[in-house]
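# Examining the three-dimensional arrangement
Spelled out from the first residue to the last, the chains are:
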Amino acid sequence: QVQLVESRGGLVQPGGSLRLSCAASGTISSIKTMGWYRQAPGKQREMVAVMASGGGRNYADSVKGRFTVSRDNAKNTVYLQMNSLKPEDTAVYYCNLYDRWSVDYWGKGTLVTVSS
């Protein structure tokens with residue numbers, strides 16, 4: 001089994017920054033992608049940023065230029081640097097790992113609230 005443990009989110013003022021991390025442990029097959037999704041109240045879960053093991057990155061249009069996803073492959077850890085945060089970024093953020101067997105693993109989620 002694979003466990004994903006996310007760092008704590010928190011309350012951030014608009015325009016502020018926050019960095020999330022997620023460490024994977026357990027029996028990990030070859031990782032295809034690691035990344036982040038989010039779910040705002042009353043909305044469906046959406047992709048935020050995903051990074052392939054080869055280095056390719058994919059971002060939601062709403063976060064391009066503000067968020068950066070990175071990985072430490074040796075530590076099986078993925079990061080999400082969030083800058084210029086907006087109230088509409090408020091959501092529960094979930095870490096995701098997608099492996100070579102096309103299996104998705106999810107963290108428990110961490111709440112990020114952007115408010116003054």
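See the structure shown above.
This write-up is about the structure you can find in this document. (Residues numbered from 1 in each chain as written. Predicted model: local features only at pLDDT ≥ 70, side-chain atom pairs only at ≥ 80, totals over all residues. Heavy atoms only, no water.)

### Describing the sheet that holds strand β8 (residues 77-82)
An order of β1-β3-β8-β7 is seen for the four strands of this open sheet, with the pairing classed as antiparallel. Only two strands of the sheet have a single partner each, and these edge strands are β1 (2-6) and β7 (67-72). On average, each strand axis in the sheet is tilted by 15 degrees relative to the strand beside it, whichever way the strands run. (Pairing = 2+ DSSP bridges. Helix = DSSP H or I, 4+ residues; strand = E, 2+ residues; numbered from the N terminus. Axes fitted to C-alpha atoms, helices over the stretch in contact; angles between N-to-C directions.)

### A closer look at the pattern of salt bridges
Evaluated as defined, the whole model comprises four salt bridges. Between Lys-64 and Asp-61 there is a salt bridge whose closest N-O contact spans 3.1 Å. Since its relative accessible area comes to 49%, Lys-64 is described here as partly exposed. With a relative accessible area of 64%, Asp-61 lands in the exposed category. Between Arg-66 and Asp-89 there is a salt bridge whose closest N-O contact spans 2.7 Å. (Salt bridge = Lys/Arg side-chain N within 4 Å of Asp/Glu carboxyl O. Buried < 20%, exposed > 50% of the residue type's maximum accessible area, 1.4 Å probe, protein only.)

### Observations concerning the state of the cysteines
In this structure the tally under the stated criterion is one disulfide. Two residues share a disulfide in this structure: Cys-22 and Cys-95, whose sulfurs sit 2.0 Å from each other. Handedness here is read from the sign of the S-S torsion; for Cys-22 and Cys-95, about -85 degrees, the answer is left-handed. Taken together, the positions of Cys-22 in strand β3 (residues 18-26) and Cys-95 in strand β9 (residues 91-99) put the pair 73 residues apart, joining distant regions of the chain. Summarising the burial analysis for this pair, Cys-22 and Cys-95 share the class buried. (Disulfide = S-S within 2.5 Å.)

### Let's talk about the side chain of Thr-110
Take Thr-110: it is sitting in strand β11 (residues 110-114). Within polar-contact distance, the side chain of Thr-110 engages the backbone oxygen of Ser-7 at 3.2 Å. (Polar contact = N/O pair within 3.5 Å; in protein donor to acceptor, adjacent residues only side chain to side chain.)

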